[in-house]
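Inside the fold
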Amino acid sequence: MTREKQAPGSCDSTNKGVAEPLLLLRVHEYGIFLLSCTFYNSCKELIRDGMSDRTGNRTIERKQSHVDICLHGEVAFSGKTTGFEKLEFEHNALPEIAFSEVDLSTTFLGRKINAPLMISSMTGGYSEAATLNQRLAEAAERFGIPLGVGSMRQALENSSYRESFAIVRKYAPSVQIFANIGAPEVAKGLTDNEIAIMLDLLEADGLIVHLNAAQELFQPEGNTDFSHFLDRLAIITAKISVPVIAKEVGCGISAAAALKLLEAGVKVIDVAGAGGISWQKVEEIRYTREFGQEKRFSLPALDELLNWGVPTAQCLFDISELKNKYPDFSEIEIIASGGIHSGIDIAKSLALGAQLAASARYILKALHEGALEETIETWLNDLRAVMFLTGSAKTEELRCKRLIIKP
Ligand SMILES: Cc1cc2nc3c(=O)[nH]c(=O)nc-3n(C[C@H](O)[C@H](O)[C@H](O)COP(=O)(O)O)c2cc1C
């Protein structure tokens, strides 16, 4: 039952191991489908009032409704989970450390960060988004963790709202901040000037390119032309001086896709796996609001498409294996995201090979409820507890601890 196996990642085999059942996570090889955050009251008003922005700009309407639907809509996956809940750490009856010794710090892209957590890309590009980004930036700065902004397409299309992005650097002067743009914009081709605008606005430490084919497919005004993406991505990675991070938005990144991204020069893969928020559901809600119950897909297909994607834990397991298999990619870093909502999820992510974990929707919910800092502090305390109970004084040690499938 507990036959040890060399696990993905860089830990040596004497220490690191994954119990045999984790092999069952390998859906593609074994055919076994096992894995199936008050923004204060003023912010609530800003979200509601902003629904009818004076400019009538479609991008602005979309971004505002995304926040609203993510906070209040039925957008969770149904019948599919992240897979984290099926795993547990092996208890260590002999921790041989003091709880007070537990050190959450780690590194990301060569820089020390205070904890293995990142605030995922969410918003920007309309005036009210500045308030959201300011609060997120303040939290990132307080905890000493990285932060991503939402898609900067709007900053390229309309200079009026660039401040809603730039504000993050003002309130988070010392942490890593990442610019963000969608795959369809990359596929169309970004000019050097456009890339410079995004990076300069934030004094960015990197560029996140989000892969959101399923979201665009369901989006009423979606751009579904992803042709030539990899070629154009490779041109960008070769040209810019900061690392490029490829991330999904909730459907996950498979090992095969990750390999192509790494070959195109990407340095970090943010898996944004399935099991948390379904962006297909977010866009389906927007589509239905716009066009009514018009049927685009058959009912059985719709259910499967709305719940489409590779679960987060599965992505981590598979992409970590790539690092072992391809020495050229042994230095790449993996971000675990998609449904992260506790320090236990963060801990399991590290043991599955992630450098850090990232969260969007639960962070947004916590902000909306006025509990952002408290939520992050609680998650970090969860993580400290797991580290203590596995005898891991440092995050590097936790990465080498055994996970088993729950009975
Ligand atoms: C309101 C909201 C807006 C988002 N906008 C973006 C975006 O502009 N760019 C992006 O890469 N991801 C965006 N995301 C996706 C998240 O970064 C994340 O990948 C996804 O929601 C899955 O993580 P989660 O389960 O922690 O929410 C957004 C998420 C939320 C909740």
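For the structure, check the block above.
Below is a summary of the structure that appears in this document.

Procedures and definitions
Residues numbered from 1 in each chain as written. Predicted model: local features only at pLDDT ≥ 70, side-chain atom pairs only at ≥ 80, totals over all residues. Helix = DSSP H or I, 4+ residues; strand = E, 2+ residues; numbered from the N terminus. Expected span 1.5 Å × (residues − 1). Buried ≥ 20, exposed ≤ 12 C-beta atoms within 10 Å, placed from the backbone. Contact = placed C-beta atoms within 7 Å. Near = placed C-beta within 6 Å. Core = buried A, V, L, I, M, F, W, Y, C linked by C-beta atoms within 7 Å. Domains from an automatic or database assignment. Pairing = 2+ DSSP bridges. Right-handed = clockwise from strand over helix to strand, strands pointing away.

**Quick look at helix α12 (residues 279-291)**
Here α12 spans 18 Å end to end across 13 residues, near enough to the 18 Å set by a 1.5 Å rise per residue. Inspection of α12 places W279, Q280, K281, V282, E283, E284 and R286 among the buried residues, and these make up the whole buried set. The inward-facing, buried residues of α12 abut α3 (58-72), α9 (213-218) and α13 (299-306). Following α12 by one or two positions, G292 has its phi on the positive side, about 75°.

**Concerning the site of the ligand**
As a structural note, the neighbourhood of the ligand is formed by 27 residues, with G150, H210, G276, A360 and R361 the closest of them. Going through the elements one at a time, α3, β7 (206-210) and α16 (361-368) are the ones with two or more residues in the shell around the ligand.

**Quick word on the nonpolar core**
Residues A140, L147, A179, I269, V271 and L316 are the most contacted members of the largest nonpolar core, which totals 110 residues. In terms of residues, this core owes the most to one element, helix α4 (residues 129-143), which gives eight residues. Split by domain, this core shows at least three residues from each of two domains, domain 1 (12-72) and domain 2 (77-277 + 308-405).

**What about unusual backbone geometry?**
Phi is positive for L109, close to 50°, though the residue is something other than glycine. Tracing the backbone shows L109 in the loop between β2 (106-108) and β3 (111-113). Its identity is not glycine, yet E203 carries a phi of approximately 50°, on the positive side.

**Quick notes on the pairing of strand β8 (residues 244-247)**
Residues V244 and A246 point to one face of β8 and I245 and K247 to the other, with burial holding for every one of them. Relative to β8, β7 runs parallel, the two sharing four bridges. Pairing of V209 across the sheet is with A246, part of β8. For β8 and strand β9 (residues 268-270), the ladder comprises three bridges, and the chain directions are parallel. For I245, the partnering residue across the bridge sits in β9 and is V268. Handedness of the crossover joining β8 and β9 through helix α11 (residues 255-263): right-handed.

**Thoughts on the environment of S105**
Structurally, S105 can be placed in the loop between β1 (87-89) and β2. We classify S105 as exposed; it has 12 C-beta atoms within 10 Å. Between the C-alpha atoms of S105 and P116, which are 11 residues apart in sequence, the distance is 6.8 Å. Setting aside its immediate chain neighbours within four residues, S105 contacts K112, I113, N114 and A115.

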